[in-house]
Amino acid sequence: MVELLAPAGNFISLRAVLENGADAVYFGLDDYNMRANAKNFSLSDLTEVSKIAEEYGAKTYLCTNIILNERLACELEKNLETISSSQIDGLILSDIGLIEDTVSHGLEAHISVQENVTNSYTLKTLKKLGAKRAILSRELSLREITEITEKSPIETEIFIHGAICMAISGRCFLSYGLYGRSANCGDCLQPCRKNWTLTYEEGEDNVVNFSDVEDERFIITGSDDGSYRTNFFSPKDMCMIEHIPELIKSGVASFKIEGRARSPDYGAMVTGVYRQAIDNYLENPSEYKVKDEWMEELTGVFNRGFDTNFYFTTPFETSEDNQSKYIKKDIGQIVNYYNKVKAAEIRIWDDLALGDRIMIQGPTTGSITHTIDSMQIDGESVSEVKKGCNVAIAIDKKVRQNDFVYKLVERNIDD
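Residues numbered from 1 in each chain as written. Predicted model: local features only at pLDDT ≥ 70, side-chain atom pairs only at ≥ 80, totals over all residues. Heavy atoms only, no water.

Chemist: Tell me about the pattern of salt bridges, and name the residues and values.
Modeler: Counted according to the given criterion, the structure contains 16 salt bridges. A salt bridge links Glu147 to Arg143; the shortest N-O distance between them is 3.9 Å. Placement of both Glu147 and Arg143 in helix H6 (residues 142–151) is noted, with a separation of 4 residues, approximately one turn of the helix. By relative accessible area, Arg143 is classed as exposed at 59%. Asp351 is the salt-bridge partner of Lys386, the closest N and O atoms lying 3.8 Å from each other. Separated by 35 residues along the polypeptide, Lys386 in the loop between strand S21 (384–385) and strand S22 (390–394) and Asp351 in the loop between strand S15 (343–348) and strand S16 (352–353) bring together distant segments of the chain. When its relative accessible area of 54% is taken as the criterion, Lys386 is described as exposed. Via salt bridges that share partners, Glu3, Arg133, Glu155, Glu157 and Lys256 belong to a single interconnected network. (Salt bridge = Lys/Arg side-chain N within 4 Å of Asp/Glu carboxyl O. Helix = DSSP H or I, 4+ residues; strand = E, 2+ residues; numbered from the N terminus. Buried < 20%, exposed > 50% of the residue type's maximum accessible area, 1.4 Å probe, protein only.)

Next up, the structure:
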C-alpha cells in the first residue's frame, strides 16, 4: 500500500495531518532543513513528535536536507545519537556522505529531492551505500518515474501536491544573488514569487518563442511607465488529485505533500482529500471516480493555481498570487469544551452567525473546520452574536482551552 506522507511545520500541523490520515510525517530541525523560516522543531521536541505519531501508527522522517558545509555536517553527525534515541524513524538527507552514519545509528536514510535522482543507476549506487528510499527529481515524467521505479532496488518517493520551485529540484541561487539568503541552506526569500518588471531594449518589439510548446504564454501586464509586469519565474502549484490511479500504478512507495511552511489547515485539508482519494481507489479500483468536492476543497486553501508539473507534459503556465477562495480571520479563542453536551465556549472579538464556517486550531486539536449550526448565550439559542461576548456552539469534535478560532471569509480573487 502506498504511503501518504504529509508535512508538519509545528505541533499544530503535526496533529492536523495525523488526524486527517497521514501514514507518515516529515518535519524540520532547526539549522538543518530547507524551511529555515518555518517554526520547525528542536532536538528536545523529537521525542514528543515520536510519541504523538505513535498514537496514530505513523512513521516519522526528519529533514536534514540543506547543502551541508563542514561545520553543519560535523554537528549533524554528533547529533545522530540524540536523534536516534528519540525514536524517529529516519532522516531525509541531501548529502550521501552521511548515509553510513545515519544507518549505523538505526535510522532509515532517505535521499532528498535535492540530490536530483533521475535514473535507476543512481538508485543502485544509493542501495550499496545503505539508503532505503530516494525522492525522485521533480523534473521527471510519470512514464520515466514508472520505468525507474520498476528497476529500482530501493523505495521511491514523489511529490503529488504543493509548491514547485523554478530551479532543478530546488537548487536555486536567485535568493542568494539578490539578498544574500541561500535557498540551498533553507533560507529562500522567494524572489521568484514577486511581481517582476520587464523592460525591452530599444528596437526590440517582440519576444521570440523558440519553444516546442505551441500554447506557451506568460501573463504580462502593461504599466503606465511603459514597462511590463509578470510572474513568469513562479510556476503554479502541483495538484495530482485527478491522477491517483496512474500514480499508484507507477509502483512508487510514497506520495509526498509539500508544505511545511504552510498553515495547519492547509495540511489538514490537503492530507484529508488525498487520503480519501487513495482509499477510494484501493477499495474499488474499477469503480473509482474523482469527486468534484475534492478539487473544491483543495482550492479553498492557499494555492497559486494548479498544474500537473512535468508528469504529463512540460509545464508552461505561470502562477498568480494566492488563488484560495477563503481567508482566515482571527475572531476568538476557546474558553472551554463540555464533553457531555459536545459544546465549545468561545470568547469572540468579531461578529459570528449561524452558517458561518470557522476553523479551530491548537497543538493537541490540530485543525478542525466547522460550520456553525447551533449557538447559545446563557442557555438561549441565538442566530447571531456581536463581538465582545462569550458564545457556546455545538461541535462534535473535541477542542481545547486556548485553541485559536478563525472565521473563513470568502475573498475576491481579483482583489
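Read on for the rest.
Chemist: Give a description of the pairing of strand S5 (residues 108–111) that names residues and reports values.
Modeler: Judged by which residues are buried, S5 turns out to be covered on both faces: Glu108 and His110 on one side and Ala109 and Ile111 on the other are all buried. Sheet topology note: the strand S4 (residues 90–93)/S5 ladder contains 4 bridges and is parallel. Residue pairing for S5: Leu93 is matched across the bridge by Ile111. Taking the sense of rotation as the criterion, the β-α-β connection linking S4, helix H4 (residues 99–104) and S5 turns out right-handed. Sheet topology note: the S5/strand S6 (residues 133–135) ladder contains 2 bridges and is parallel. Bridge pairing in S6 places His110 opposite Arg133. Following the backbone out of S5, through helix H5 (residues 120–129) and into the adjacent parallel S6, one traces a crossover that is right-handed. (Pairing = 2+ DSSP bridges. Right-handed = clockwise from strand over helix to strand, strands pointing away.)

Chemist: Account for the sheet that holds strand S14 (residues 326–338), with residues named and values stated.
Modeler: On the basis of which strands lie adjacent, the open sheet formed by 8 strands has the order S18-S17-S23-S14-S15-S22-S19-S20 and antiparallel pairing. Sheet topology places strand S18 (366–371) and strand S20 (380–381) at the edges, where each strand pairs with a single neighbour. Pairing geometry for S14 and strand S23 (residues 404–410), over 7 bridges, is antiparallel. Looking at the pairing, Lys328 lines up with Leu408 of S23. Where helix H1 (residues 11–19) meets the sheet, its contacts fall on strand S17 (357–362) and S18, and the angle it forms with S18 comes to roughly 65°. (Contact = heavy atoms within 4.5 Å. Axes fitted to C-alpha atoms, helices over the stretch in contact; angles between N-to-C directions.)

Chemist: With reference to specific residues and values, describe the nonpolar core.
Modeler: Counting residues in hydrophobic clusters, the biggest one holds 80 residues, and the most contacted among them are Ile83 and Tyr274. Counting residues per element, this core draws most heavily on helix H9 (residues 264–283), at 8 residues. The residues touching Ile83, leaving out its near neighbours within four places in the chain, are Leu29, Leu43, Leu46, Leu62, Leu76, Ile88, Leu91 and Leu107. Within the second largest apolar cluster, 18 residues are counted, among which are Tyr337, Ile360, Val391 and Val399. (Core = buried A, V, L, I, M, F, W, Y, C linked by side-chain atoms within 4.5 Å.)

Chemist: Summarise the packing of H1 against helix H2 (residues 46–55); cite the residues concerned and give the values.
Modeler: Orientation of H1 relative to H2, taken along the N-to-C sense of each, is 15°, at an axis distance of 10 Å. By the criterion of interaxial angle, the relationship of H1 to H2 is roughly parallel. Seen along the crossing, H1 lies across H2 with a hand that is right-handed. Of H2, the residues touching H1 (which contributes Phe11, Leu14, Arg15 and Leu18) are Glu48, Val49, Ile52, Ala53 and Glu55. When its residues are assigned to classes, the contact of H1 with H2 shows 6 nonpolar, no polar and 3 charged. (Parallel < 35°, antiparallel > 145°, perpendicular 65-115°, else oblique. Left-handed = near helix turned anticlockwise from the far one by under 90°. Nonpolar A, V, L, I, M, F, W, Y, C, P; charged D, E, K, R; others polar.)

Chemist: Pulling in residues and values, what's your account of H5?
Modeler: Taken residue by residue, H5 has Ser120, Leu123 and Leu126 as its buried positions. Considered in projection along H5, the buried side chains sweep an arc of 110° and stay on one side of the axis. Across from the buried face of H5, at angles greater than 90 degrees, the exposed residues are Tyr121 and Lys128. Buried-residue contacts for H5 involve H4, S5, S6, H6 and strand S7 (155–162). Near the N-terminus of H5, the side chain that reaches the backbone nitrogen of Tyr121, with its oxygen 3.0 Å away, is that of Asn119. Phi turns positive one or two residues past the end of H5, at Gly130, with a value near 115°. (Arc of directions from axis to C-beta. Polar contact = N/O pair within 3.5 Å; in protein donor to acceptor, adjacent residues only side chain to side chain.)

Chemist: Pulling in residues and values, what's your account of the side chain of Ser141?
Modeler: Considering the arrangement of structural elements, one finds Ser141 in the loop between S6 and H6. When near neighbours in sequence (up to four residues on either side) are disregarded, Ser141 contacts Phe310 and Tyr311.

Chemist: Can you lay out a nonpolar patch on the surface for me, pointing to particular residues and giving the numbers?
Modeler: A contiguous nonpolar patch, built from Leu178, Tyr179 and Leu189 and spanning about 260 Å² of accessible area, is present on the exposed surface. Relative to the helices and strands, Leu189 is located in the loop between helix H7 (174–179) and strand S8 (196–198). (Patch = residues over 30% accessible without salt bridge, like charges linked within 9 Å, V, L, I, M, F, W, Y side chains within 5 Å. Areas by Shrake-Rupley, 256 points an atom, 1.4 Å probe, with all protein chains shown as cover.)

Chemist: I'd like a description of the environment of Val117, backed by residues and values.
Modeler: The topology assignment puts Val117 in the loop between S5 and H5. For Val117, a relative accessible area of 1% gives the class buried. Spatially, the C-alpha atom of Val117 lies 10.0 Å from that of Ile148, the residues being 31 residues apart in sequence. If near-sequence neighbours (up to four positions away) are discounted, Val117 is found in contact with Thr122, Leu123, Leu126, Ala134, Ile135, Leu136, Ser137 and Leu140.

Chemist: Could you give me a rundown of the side chain of Ser367, with the residues and numbers involved?
Modeler: The topology assignment puts Ser367 in strand S18. Among the residues examined, Ser367 registers a relative accessible area of 10% and is labelled buried. One polar contact links Ser367 to Gln361, side chain to side chain, over a distance of 3.2 Å. Once residues lying within four places of it in the same chain are set aside, the contact partners of Ser367 are Ala16, Asn20, Pro264, Asp265, Ala268, Met359, Ile360 and Gln361.

Chemist: Can you lay out the pairing of strand S1 (residues 3–8) for me, pointing to particular residues and giving the numbers?
Modeler: A regular strand places its side chains so that they alternate between the two faces of the sheet. Across the 6 residues of S1, 6 count as buried, placing the element largely inside the fold. A two-sided burial pattern is seen for S1, the buried positions comprising Glu3, Leu5 and Pro7 on one face and Leu4, Ala6 and Ala8 on the other. Bridging between S1 and strand S12 (residues 254–257) involves 3 bridges; their strand directions are parallel. The partner of Leu5 across the bridge, within S12, is Lys256. Bridge count between S1 and strand S2 (residues 24–28): 4 bridges; the pairing is parallel. Each residue of the ladder has a partner; that of Leu5, found in S2, is Ala24. The handedness of the S1 to S2 crossover, carried by H1, is right-handed.

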